[in-house]
Amino acid sequence: AARRTVAASPAVSPSPAATSSDAPPSVFDKIVKITLIDPSGARRVIPAYVGQTLYDACSTSNVDLGPSSIGSPQQKVRSSTWTEPLYGEGATSGFDHVILQSGNKGVQLVEPPHSNEIKMLEVYWDDDEIFPESRLASQVEISKDMDGLVVYVPDRIVDDIP
């Protein structure tokens, strides 16, 4: 009687399509870590999703920045030749003031503050409390390049007076 044997199959090498650079996207590709420093100097690292505002990331992590400037953006720069009008009212208050770390690559890519954001900072804060890196957290959109960003949260303005 003839005996059948199964030949060992050659080792299967991963195809070029199965390399890590072509792996399916992960939620971790859309999360960055942001370090917040409060007025006492305490540091806290929070996760933030790409595309949400800095205020939303803080709110999700139970960091109180005060009342949000709830206005949606007036416009969005999509390229060097196209600025999309979004018809939002922009910043409506200046309570959610933060100071962004100037050396972070992501901060350099953030859209510059619109005129009404600058106006709200000037109305709510004194001149010696506003810096070139000062922004309203509700107007800063998180990008992938902001991973490792350090944000200083100044003392809050009293907003609970009846």
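None of the values given here were measured: they were computed from a predicted structure. (Residues numbered from 1 in each chain as written. Predicted model: local features only at pLDDT ≥ 70, side-chain atom pairs only at ≥ 80, totals over all residues. Heavy atoms only, no water.)

> Would you mind showing me how to read the overall build of the protein chain here?
Regarding its fold elements, the protein chain presents three helices and seven strands. When the helices and strands of the protein chain are listed from N to C terminus, the series reads β-β-α-β-β-β-α-α-β-β. Within the protein chain, buried positions represent 34% of all 162 residues. Here the analysis covers contacts within the protein chain between residues at least 6 apart in sequence; of these, 64% occur between residues at least 24 apart. Accessible surface, the protein chain as shown: approximately 10600 Å² in total, 55% of it carbon and sulfur. (Helix = DSSP H or I, 4+ residues; strand = E, 2+ residues; numbered from the N terminus. Buried < 20%, exposed > 50% of the residue type's maximum accessible area, 1.4 Å probe, protein only. Contact = heavy atoms within 4.5 Å. Areas by Shrake-Rupley, 256 points an atom, 1.4 Å probe, with all protein chains shown as cover.)

> Please explain the pairing of strand β5 (residues 97-100) as it appears in this structure.
On a regular strand, one side chain projects to one face of the sheet and the next to the other, so that they alternate. Residues H97 and I99 point to one face of β5 and V98 and L100 to the other, with burial holding for every one of them. Inspection of the sheet shows β5 paired to strand β6 (residues 134-136) by three bridges, in the antiparallel sense. When the bridges of β6 are listed, I99 appears paired with S134. Where β5 meets strand β7 (residues 149-152), two bridges bridge the pair, whose relative direction is antiparallel. Its bridge partner being in β7, L100 is matched across the sheet by V151. (Pairing = 2+ DSSP bridges.)

> Is there a simple way to explain the pattern of salt bridges in this structure?
Should their charged atoms come close, side chains of opposite charge can pair. Taken as a whole and judged by the stated rule, the model has two salt bridges. Measuring nitrogen to oxygen at the nearest pair gives 3.7 Å for the salt bridge that ties D145 to K105. One end of the pair, D145, is in the loop between β6 and β7; the other, K105, is in helix α2 (residues 105-109), with 40 residues separating them in the sequence. For K105, a relative accessible area of 52% corresponds to the exposed category. Close ionic contact of E117 with R135 constitutes a salt bridge, the shortest N to O distance being 2.8 Å. Here the residue E117 occupies a position in helix α3 (residues 115-124), and R135 occupies one in strand β6, the gap between them amounting to 18 residues. (Salt bridge = Lys/Arg side-chain N within 4 Å of Asp/Glu carboxyl O.)

> Help me out: how do you make sense of the sheet that holds β6 in this one?
Across a sheet, paired strands are connected by hydrogen bonds in the backbone, their directions being either parallel or antiparallel. As summarised here, the arrangement of the five strands in space is β2-β1-β7-β5-β6, forming an open sheet in which the pairing is mixed. Strands with a single pairing partner mark the edges of an open sheet, and in this sheet they are β2 (43-49) and β6. Looking at each pair of strands side by side, their axes are set apart by 40 degrees on average, direction ignored. The sheet strands contacting α3 are β5 and β6, and the helix crosses β6 at an angle near 105 degrees. (Axes fitted to C-alpha atoms, helices over the stretch in contact; angles between N-to-C directions.)

> It is not clear to me how the nonpolar core should be interpreted in this structure. Could you clarify?
Within soluble globular proteins, side chains that are nonpolar tend to cluster in buried spots. Core analysis: the largest hydrophobic core is formed by 22 residues, its most contacted members being I34, L36, L54, L65, V98, L100 and V151. It is helix α1 (residues 54-60) that contributes the most residues to this core, four residues altogether. The next biggest cluster of nonpolar side chains, apart from the first, holds five residues, and it includes A91, M120, W125 and L136. (Core = buried A, V, L, I, M, F, W, Y, C linked by side-chain atoms within 4.5 Å.)

> Sorry, what's going on with the packing of aromatic side chains here?
Centre-to-centre distance and the angle between the planes together describe a pair of aromatic rings. Here the structure, examined in full by the defined rule, presents one aromatic pair. With a centroid separation of 5.0 Å and 65 degrees between ring planes, the pair formed by F95 and Y124 is classed as edge-to-face. Residue F95 is found in the loop between β4 (83-85) and β5, and its partner Y124 is found in helix α3; the two are separated by 29 residues along the sequence. We classify F95 as buried; its relative accessible area is 19%. (Phe/Tyr/Trp six-rings, centres within 6.5 Å; stacked < 30°, edge-to-face > 60°.)

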